[in-house]
Amino acid sequence: MRLNLFPFLFTFTILSSHVLSTSDLILTKVDRRIDLSSQIVRTITSLKVENAGSDTVSEILLSFPDSHANYLAHLKASVHEGKGKAKSSSGAGLPYEVVQPKDAPASLKIYSVTLPKGLAKGESLTLDVLAVFTHILQPFPEKITQADIQLMLFQETAQYLSPYPVKAQSLTVKLPEARIESYTKLESAKLQGSELKYGPYENLPPYSFLPIVIHFENNRPFAVAKELVREIEISHWGNVQITEHYNLVHGGAQSKGEFSRLDFQTRPNVRGASAFRRLVARLPPRAHSVYYRDEIGNISTSSLWGDSKKTELEIEPRYPIFGGWKTAFTIGYGLPLQDFLFGIDGKRFLNISFGSPFIELVIDTLVVKVVLPEGSKDTSASVPFSVKQRHETKFSHLDIAGRPVVVLEKNNAVPEHNVHFQVYYKFNSLSMLREPLMLISGFFFLFLASIVYMHADLSISKTSASYLAKLQWEEVQATVHKIHNIISLCLTTHDKLEASLRDLSRSGDIQACKATRKSVDSSLKELTKELKSPVAFLQSSPQATPILPKVEEVIAKERDLQEKLMAKHSTVVDCYEKKLGGREIENRIASHQQKITALRQEIDDLLDLIDEI
């Protein structure tokens, strides 16, 4: 991989030809501190500004190269008046807008910060500027194996880039580890542990620029949510339900080669230093009913603890996340309504945090949906930074017109965006009775219908053709059932005959076997007589037309089976009387036995078929 310094060198070339001053402001002292300890780069700059001109100044310009400005996620400027005293140090900070002065280089993006009051001649103030960047740390190399550490490349300017002259300035870069591969070694550079310092530099003209490159180790989790959808549903029955859907990817150096779980489990800090296995979310202190699941189902590898000030949820995906690997999961929890819903001037408003509760998470696309109770109207949202807004409608249980949904969308969101915002709406308290009344009415009409049904005579007339046909079919079913029972008794009798042959083979008692044969003959004759009446009924009933052929077939098969069994019995007894051997007996009855087995199976199949009909 070749080091990509062309954007910075190109900017430096342009800036060197644009040495100008946009006003009479002078930066008497600039202290910069850049934090590279995570995937989010935070630059904290303290500017001591002095008005050396005669005109009152009401704005201050801040400049960033396009290579950084394109990834600027959050910018906040606050004025300090006196040592230790801050003004506008909280909230959204001072208002600002993007401007383009005439003589400013085109490769810069200029932000104009409006001061709370004009800065007169000879006056000075201290301005604190927080700039938060994402995706400006470049993996170098871009692809690593499981055993490699993750190295990042950071490009910056050692001298503060400003449209104003600077009398004195210094830069401190905080690194995640003391180990550093390389850095631009200037005369003023000092490496002390995990901090790299440049400067001080004095008497710098406007737009001074001194490019530096830092190549350092950073194995912190590079968790990037390609998309996060937060749904905040308000229930006036006492609960705020939060559901968050994450589509997560490791945004660091891409993983190459094979993955060994054995190596990872035995030496995770060496054979997987750049991967992350867990994420920590800081939930509101009274969060309850917390759950965590992915696309497969519930995941038990999570822990929850908290106190009166905070609740922390630590989750662990099903597998460690290496560079370029993805995962998707959902977390949900409930919050007490009284902690987040308030009323003012006849309106209700929800006051709740905007961003993700996960620590140091970069979100490419954040969608926050606030689902209001059905019947809410005059909805509006107040967010302390720029977002896209739209409205939707969601239908849930017992809804008629649907619930209004306020949708807020923010790109390139960072933890600094996890601040409170408000959603205002009007709601009539009587609307809360709608769903209970619907349930009560529904149960009332259900019970009323049950009473009417129980007392109404819904029977069919006994003289109607359909009623008579129903009775006839019931008689046919009863008759078929009777025939089925008789055939089953015949089969049981056949089993007795087979049992007598087995007893004969064990005892050799021919007389006992003949006695059983005589008893079986008598039983089968009685059962045959019992079949005549139900068969005759079926033959005379039009309703039995579909089932009669199968009944007659099973009766015929049963008679054929009787004949084969009798023939087999006679052959076996005759062989025993002649004192033939066992093999000779088996040879003589083999053909009978095959037919008996086949007939028995056919009869069983026919009986099952008759049952289905």
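For the structure, check the block above.
Residues numbered from 1 in each chain as written. Predicted model: local features only at pLDDT ≥ 70, side-chain atom pairs only at ≥ 80, totals over all residues. Heavy atoms only, no water.

Focus on a positive patch on the surface
Here's step 1: On the surface, a cluster of positive charge is made up of K525, K529, K532 and R559.
Here's step 2: As for its placement among the helices and strands, R559 is situated in helix 7 (residues 548-577). (Patch = residues over 30% accessible without salt bridge, like charges linked within 9 Å, V, L, I, M, F, W, Y side chains within 5 Å. Areas by Shrake-Rupley, 256 points an atom, 1.4 Å probe, with all protein chains shown as cover. Salt bridge = Lys/Arg side-chain N within 4 Å of Asp/Glu carboxyl O. Lys, Arg positive; Asp, Glu negative; His and termini not counted. Charge placed at Lys NZ, Arg CZ, Asp CG, Glu CD. Helix = DSSP H or I, 4+ residues; strand = E, 2+ residues; numbered from the N terminus.)

A word on helix 5 (residues 465-507)
Here's step 1: Over its 43 residues, helix 5 extends 63 Å from the first C-alpha to the last, a length consistent with the 63 Å expected when each residue adds 1.5 Å.
Here's step 2: A positive backbone phi angle near 75° is found at G508, which sits one or two residues after helix 5. (Expected span 1.5 Å × (residues − 1).)

Some points on the packing of helix 7 against helix 8 (residues 582-612)
Here's step 1: Packing of helix 7 against helix 8 brings their axes to within 9 Å, and their N-to-C directions diverge by 160°. Judged by the inter-axis angle, helix 7 sits roughly antiparallel to helix 8. In this structure, helix 7 meets helix 8 at a crossing whose hand is left-handed.
Here's step 2: Among the residues making up the contact of helix 7 with helix 8, the classes are represented as 17 nonpolar, 3 polar and 12 charged. (Axes fitted to C-alpha atoms, helices over the stretch in contact; angles between N-to-C directions. Parallel < 35°, antiparallel > 145°, perpendicular 65-115°, else oblique. Left-handed = near helix turned anticlockwise from the far one by under 90°. Nonpolar A, V, L, I, M, F, W, Y, C, P; charged D, E, K, R; others polar.)

Focus: the packing of aromatic side chains
Here's step 1: In total, this model carries 19 aromatic pairs according to the counting rule given.
Here's step 2: Taking 5.9 Å as the distance between ring centres and 70° as the angle between the ring planes, the aromatic pair formed by Y96 and Y111 counts as edge-to-face. One end of the pair, Y96, is in strand 6 (residues 96-99); the other, Y111, is in strand 7 (residues 108-119), and 15 residues separate them in sequence.
Here's step 3: Both rings, one in F354 and one in F421, keep their centres 5.4 Å apart while their planes meet at 85°; by these two values the pair is edge-to-face. Here the residue F354 occupies a position in the loop between strand 26 (347-353) and strand 27 (362-371), and F421 occupies one in strand 31 (residues 420-426), the gap between them amounting to 67 residues. F421 carries the same exposure label as F354, and that label is buried. (Phe/Tyr/Trp six-rings, centres within 6.5 Å; stacked < 30°, edge-to-face > 60°. Buried < 20%, exposed > 50% of the residue type's maximum accessible area, 1.4 Å probe, protein only.)

Structural notes on empty space enclosed by the protein
If a probe as big as a water molecule is rolled over the atoms, it shows which places are left empty.
Here's step 1: If you walk through the whole model with that rule in mind, you get 2 cavities of 30 Å³ or more.
Here's step 2: The computed volume of the largest cavity comes to approximately 170 Å³.
Here's step 3: At the level of elements, strand 2 (41-51), strand 3 (57-65), strand 8 (124-133) and strand 11 (151-157) are the ones that each hand at least two residues to the lining of the largest cavity.
Here's step 4: With 4 residues, strand 3 is the single largest residue contributor to the lining of the largest cavity.
Here's step 5: Among the residues forming the lining of the largest cavity, the class breakdown is 8 nonpolar, 5 polar and 2 charged.
Here's step 6: Quantified by volume, the second largest cavity comes out at close to 40 Å³.
Here's step 7: Contributing to the lining of the second largest cavity are G355, S356, F358, L361, I363, L366, A413, V414, P415 and H417.
Here's step 8: Of the residues in the lining of the second largest cavity, the class split is 7 nonpolar, 3 polar and no charged. (1 Å grid on protein atoms, 1.4 Å probe; cavity = no way out; pocket = protein on both sides within 12 Å on 5 of 7 lines; lining within 4 Å. Points joined across faces, edges and corners; volume = space filled by probe spheres on them.)

Section: the sheet that holds strand 27
Here's step 1: Overall, mixed pairing links the 7 strands, which are arranged 21-24-18-17-27-30-29 in an open sheet. Across the chains shown, the open sheet's two edge strands, defined by having one partner strand only, are strand 21 (288-294) and strand 29 (388-394). Along the sheet, successive strands turn relative to each other by an average axial angle of 15°, direction set aside. (Pairing = 2+ DSSP bridges.)

So yeah, pure geometry; function would need other evidence.
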